[in-house]
Amino acid sequence: MLYALAAAGGSASYAPFLTLLLPVRAEMIWQDDALQVLAYAAFVGACAASAANILFGWVSDRSGRRREWIIAGALLSSVLLVGMQYVASIAGLLVMIVLWQTAVNMMLSPLGAWAGDCVPDSQKGTLGGLLSAAPAIGAMVGAIVTIPGLADADMRLFLVAALVLGLVLPVVFFGRPRPMPELMTPKRELRIAVVTGSETGGGKARGSAVGRMWFARLLTQIAEAALFAFLLLWLRSIDDGFTDSDAARLFTTVLIVSVPIAIYVGRWSDRTGRPILPLTILSGGGAAGLVWMALAEDAAMAVSGFAIFGVLTGVFLSLHSSQTLRVLPRPQTRGRDLGLFNLTNTVPSLIMPWLALALVPVFGFQALFLLLAGLAAISSLLLATMREN
């Protein structure tokens, strides 16, 4: 439970700032140039986060210490977050974003690997269910600090930093988990069999379970990133009365509904020993939700389609994060390997805009959603056709 709280603190360390506080600050300082500034900040931030996550995962592997890096990252990222109030130039902002993202991932990367050291495989599904609360709590932190009259723009940075430390540090000082011997022993690389329908020689091909898990998440994350960026524009194209407040409530509802479902499904996968089956069903259901969105002709269909996609994808991503720890073969490089998996969170932000620009102006959102549904279906197929030897 303390670890799940810390994971929520990890989400709160970046989500409120990137989605609420930074856009408001950029608009206040740079006004008409705010959109361009935010685009630059998103690009350099994604690059810095990708590199830092791999680097500090590797460092925590080599040093054999997770707690110290988590503490250092939490403190340093909080100081840098508060320091954002003193930035007045675009160059200064970009430098601070790079430093801050580096510090955030100094905390997040060892924190993710720590679960692989200490949570047994028999509880990985339950862990994934608890991790589903992280995005919701991150969103709640943003909602709290932006309550009208509670704090000005600078004080909001202090509040976010304090809440993050309050969420992350308890597991460091009071959790005291010990690495489990069976989780610290290198396991033989899991292999999967791709069923081709032929039982004759050559009818089965071998491949890496790690690679399939990586690509399955990447494809799903591309769809999720596109919906996160363009949901409001799409909803307004169907119903011009749909407001940003309506979209925010829809996002929040989807996040909250995902939590109990993820906990139930995660515990079910633990009890039955079927870690991959729920992921297969969830990604397939997400594809169906995207098809429903492509067919939407009114606001009711649009909202219901997004709700199906959003809930199932949210559960998928939470459970996938914990089950990834099951298939990584070498504990000695667990942090580095999770950093490579983290690329599935950052690379979609670089791919998604080009997909949207290529399809939406010419063919409309329907074509984009059908393409994304195809990607989600491939994700489901990658998982459905793998089994552990």
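Residues numbered from 1 in each chain as written. Predicted model: local features only at pLDDT ≥ 70, side-chain atom pairs only at ≥ 80, totals over all residues. Heavy atoms only, no water.

In this section: the environment of L21. Its location among the elements puts L21 in helix 2 (residues 15-30). With 133 residues separating them in the primary sequence, L21 and D154 have C-alpha atoms 9.4 Å apart. With residues up to four places along the chain from it excluded, the contact list for L21 reads P16, T146, R156, L157 and V160. (Helix = DSSP H or I, 4+ residues; strand = E, 2+ residues; numbered from the N terminus. Contact = heavy atoms within 4.5 Å.)

Once that is clear, we can look at helix 12 (residues 299-327). If you check helix 12, its first and last C-alpha atoms are 41 Å apart, about what 29 residues at 1.5 Å a residue would give, namely 42 Å. Residue S321 marks the point of greatest curvature in helix 12, where the axis turns by about 30°. Where helix 12 begins, one side-chain oxygen reaches toward the backbone nitrogen of A300, 3.2 Å away; that side chain belongs to D298. (Expected span 1.5 Å × (residues − 1). Bend = angle between axes of the 7 residues up to and from the residue. Polar contact = N/O pair within 3.5 Å; in protein donor to acceptor, adjacent residues only side chain to side chain.)

Orientation of helix 2 relative to helix 8 (residues 153-175), taken along the N-to-C sense of each, is 165°, at an axis distance of 11 Å. Our classification of the angle between helix 2 and helix 8 gives roughly antiparallel. Note on packing geometry: the crossing formed by helix 2 with helix 8 is left-handed. Side by side, helix 2 and helix 8 meet where P16, F17, L21 and R25 of the first sit next to A153, D154, R156, L157 and V160 of the second. (Axes fitted to C-alpha atoms, helices over the stretch in contact; angles between N-to-C directions. Parallel < 35°, antiparallel > 145°, perpendicular 65-115°, else oblique. Left-handed = near helix turned anticlockwise from the far one by under 90°.)

This part is about helix 4 (residues 67-83). Taking 1.5 Å of rise per residue, the 17 residues of helix 4 would be expected to cover 24 Å, and the 24 Å separating its terminal C-alpha atoms lies within 8% of that figure. In this fold, the buried residues of helix 4 make contact with helix 2, helix 5 (90-118) and helix 8.

With that settled, consider a nonpolar patch on the surface. Residues M140, I144, I147, L150 and L163 make up a contiguous nonpolar surface patch of roughly 430 Å² in combined accessible area. Looking at the secondary structure, you find I147 in the loop between helix 7 (133-145) and helix 8. Exposure remark for I147: the relative accessible area of 41% places this residue in the partly exposed category. (Patch = residues over 30% accessible without salt bridge, like charges linked within 9 Å, V, L, I, M, F, W, Y side chains within 5 Å. Areas by Shrake-Rupley, 256 points an atom, 1.4 Å probe, with all protein chains shown as cover. Salt bridge = Lys/Arg side-chain N within 4 Å of Asp/Glu carboxyl O. Buried < 20%, exposed > 50% of the residue type's maximum accessible area, 1.4 Å probe, protein only.)

Scanning the model with the defined rule gives six aromatic pairs in all. Aromatic pair W234 and F369: ring centres 4.9 Å apart, planes at 90°, arrangement edge-to-face. Pair noted here: W234 is in helix 9 (residues 209-238) and F369 is in helix 14 (residues 365-384), with a separation of 135 residues, a long-range link. Among the residues examined, W234 registers a relative accessible area of 3% and is labelled buried. According to the relative accessible area criterion, F369 is buried, its value standing at 4%. Ring pairs connect the aromatic residues W234, F365 and F369, which therefore count as one cluster. (Phe/Tyr/Trp six-rings, centres within 6.5 Å; stacked < 30°, edge-to-face > 60°.)

By size, the foremost hydrophobic cluster in this structure holds 69 residues, and its most contacted members are F17, M84, L93, I97, W100 and L383. Those residues in contact with I97 that lie beyond four places of it in its chain are F17, L22, A41, V44, G45 and M84. Core analysis: the second largest hydrophobic core is formed by 34 residues, L227, L235, L290 and L382 among them. (Core = buried A, V, L, I, M, F, W, Y, C linked by side-chain atoms within 4.5 Å.)

A few words on unusual backbone geometry. Residues other than glycine seldom take positive phi values, yet R176 does so here, at roughly 50°. Examined against the element boundaries, R176 turns out to sit in the loop between helix 8 and strand 1 (191-195).

Take the pattern of salt bridges next. Applying the stated criterion to the full structure yields seven salt bridges. Note that D154 is salt-bridged to R25, the shortest N-O span being 3.0 Å. Taken as a pair, D154 in helix 8 and R25 in helix 2 lie far apart in primary sequence, 129 residues in all. Using a relative accessible area of 9% as the deciding quantity, one classes R25 as buried.

All right, on to the packing of helix 4 against helix 8 then. Packing of helix 4 against helix 8 brings their axes to within 9 Å, and their N-to-C directions diverge by 175°. Taken together, the axes of helix 4 and helix 8 are roughly antiparallel relative to one another. Judged by residue contacts, R67, I70, I71, A74, L75, S78, L81 and V82 of helix 4 engage L157, F158, V160, A161, L165, V168, L169, V172 and F173 from helix 8. Of the residues assigned to the contact of helix 4 with helix 8, the class counts are 15 nonpolar, one polar and one charged. (Nonpolar A, V, L, I, M, F, W, Y, C, P; charged D, E, K, R; others polar.)

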